[in-house]
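Read off the chains here:
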Amino acid sequence: MCTVRGAGDVTAFPELLIERKLVTILDLARANEVRRTSHSRLPVTLARLGLVTELDIASSLAELHGLELLPRGALTDAQPALGGINPRFLARNAVLPLGSVEGILTLAMADPEDEVTIAALEFAGGTKVSPKVATFGDIEEALLATQAGSDNPDDLSSDFHSASAEDVARMLEGESEAPVIRLVQRLLATAANRRASDVHIEPMARYVAVRYRIDGRLIEIDRLADALAAPVASRIKVMAGLDIAETRLPQDGRLRLTVRGRDVDVRVSTSPTAWGESIVLRLLGRAEVPLDLAQLGLPATALAKLHRALDRPHGIILLTGPTGSGKTTTLYAAINRLRRPE
């Protein structure tokens with residue numbers, strides 16, 4: 001069996017994270033408490049709770065074990081050597097076989113300390129494993145690409161991306177086997193990964209159209225069976241704390257998810273249509289841009305005028321523009337500038 005250097009020392013990874021100032025002792029205590037309840041590994045828990053970014057997790061593990069860190073996007077054009085291995089197994093354990101040479105299987109792993117998965121693949125393939133480190137998101141996207149032609153859109157779940165009871169609920173929810181839960185999780189995670197600003201879920205006469213707004217343009221990315229309209233709407237309304245029994249009136253709410261180790265706020269709006277409830281989700285990445293007016297790219301004259309307006313004791317400021325132009329981000333940055341004790 002292939003073992004990685006330091007895998008037996010369960011404290012080495014947490015100590016390295018603290019040394020690199022990526023987490024605090026309280027963060028680790030919170031993650032460990034959730035991990036014991038959800039029975040997941042520490043890197044997965046840290047990423048799902050948004051305590052450490054996926055790239056920081058991958059680089060720390062690569063440094064700790066002296067393994068090669070695959071750069072972001074390196075798996076985009078990869079040809080996975082699945083060899084009959086169940087893609088669900090690969091997705092659940094965040095691994096991607098890259099090929100075998102002279103009886104050694106090269107394996108992209110998000111957690112190279114997962115010796116159980118390594119042993120399972122070695123046993124199944126009768127080969128040794130040579131691990132390389134990649135992020136959870138890159139492995140997920142590569143696996144989803146291999147399933148792009150599948151008739152079943154639920155072949156893979158977004159198990160990578162989903163303390164307190166809320167923390168535990170988020171972890172367990174990511175492991176759910178319910179098809180509708182996994183479908184909605186996949187749609188949201190993929191939208192966040194592709195940096196979509198909005199997700200439109202629109203019931204039609206014979207199907208449910210799923211469209212993402214990317215760089216201002218609406219792109220249809222999937223067509224779901226019309227029978228999924230009500231279950232998908234109910235699932236999203238449960239996540240957003242809306243009334244699932246009310247289908248004749250518009251509703252608004254919000255939810256939060258974690259993708260690639262970062263928190264994403266989602267505003268939810270539902271509206272009744274002839275074929276079911278139309279749903280629009282606006283994705284607001286918490287850490288996508290710094291909430292600093294000086295870093296938003298405003299022209300110097302406009303920035304100066306905005307500063308003068310914000311310094312006045314009363315009045316009104318209007319921000320207008322098309323979807324995705326930065327209105328909400330500018331408002332958050334303005335509030336952040338005004339948020340002072342005095």
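Please read all numbers here as calculations on a predicted model, not as lab measurements. (Residues numbered from 1 in each chain as written. Predicted model: local features only at pLDDT ≥ 70, side-chain atom pairs only at ≥ 80, totals over all residues. Heavy atoms only, no water.)

Enquirer: Any chance you could break down the pairing of strand β1 (residues 95-101) for me, citing the residues and the numbers?
Expert: Across six bridges, β1 lies against strand β2 (residues 104-109) in antiparallel orientation. From the neighbouring strand, Gly99 faces β2, where its bridge partner is Thr106. Joining the antiparallel neighbours β1 and β2 is a turn of two residues, in which Glu102 adopts a positive phi near 50°. (Pairing = 2+ DSSP bridges. Helix = DSSP H or I, 4+ residues; strand = E, 2+ residues; numbered from the N terminus.)

Enquirer: Now, about helix α9 (residues 179-193): what can you tell me, with residues and values included?
Expert: With 15 residues, α9 ought to run about 21 Å at 1.5 Å a step, and its terminal C-alpha atoms sit 21 Å apart, in line with that. Across the 15 residues that make up α9, a large majority, twelve, are buried. All of the buried residues in α9 are Arg182, Leu183, Val184, Gln185, Arg186, Leu187, Leu188, Ala189, Thr190, Ala191, Ala192 and Asn193. Directly beyond the C-terminal end of α9, a positive phi value near 55° is found at Arg195. (Expected span 1.5 Å × (residues − 1). Buried < 20%, exposed > 50% of the residue type's maximum accessible area, 1.4 Å probe, protein only.)

Enquirer: Pulling in residues and values, what's your account of the sheet that holds β1?
Expert: Within a sheet, each strand pairs with its neighbour through backbone hydrogen bonds, oriented either parallel or antiparallel. Spatially, the three strands line up as an open sheet ordered β1-β2-β3, and their pairing is mixed. Each of the sheet's edge strands pairs with one partner strand only, and the pair in question is β1 and β3 (128-133). Taken over all neighbouring pairs, the strand axes of this sheet differ in orientation by 25° on average, direction set aside. Taken strand by strand, helix α6 (residues 115-125) contacts β1, β2 and β3, and its axis lies near 140° from that of β3. (Axes fitted to C-alpha atoms, helices over the stretch in contact; angles between N-to-C directions. Contact = heavy atoms within 4.5 Å.)

Enquirer: If you had to explain the side chain of Glu122 to someone new, which residues and values would you point to?
Expert: Relative to the helices and strands, Glu122 resides in helix α6. In this structure Glu122 is buried but unpaired, with Lys128 as the nearest side chain of opposite charge at 5.2 Å. Polar side-chain contacts of Glu122 include one of 3.1 Å to the backbone nitrogen of Val129. (Lys, Arg positive; Asp, Glu negative; His and termini not counted. Salt bridge = Lys/Arg side-chain N within 4 Å of Asp/Glu carboxyl O. Polar contact = N/O pair within 3.5 Å; in protein donor to acceptor, adjacent residues only side chain to side chain.)

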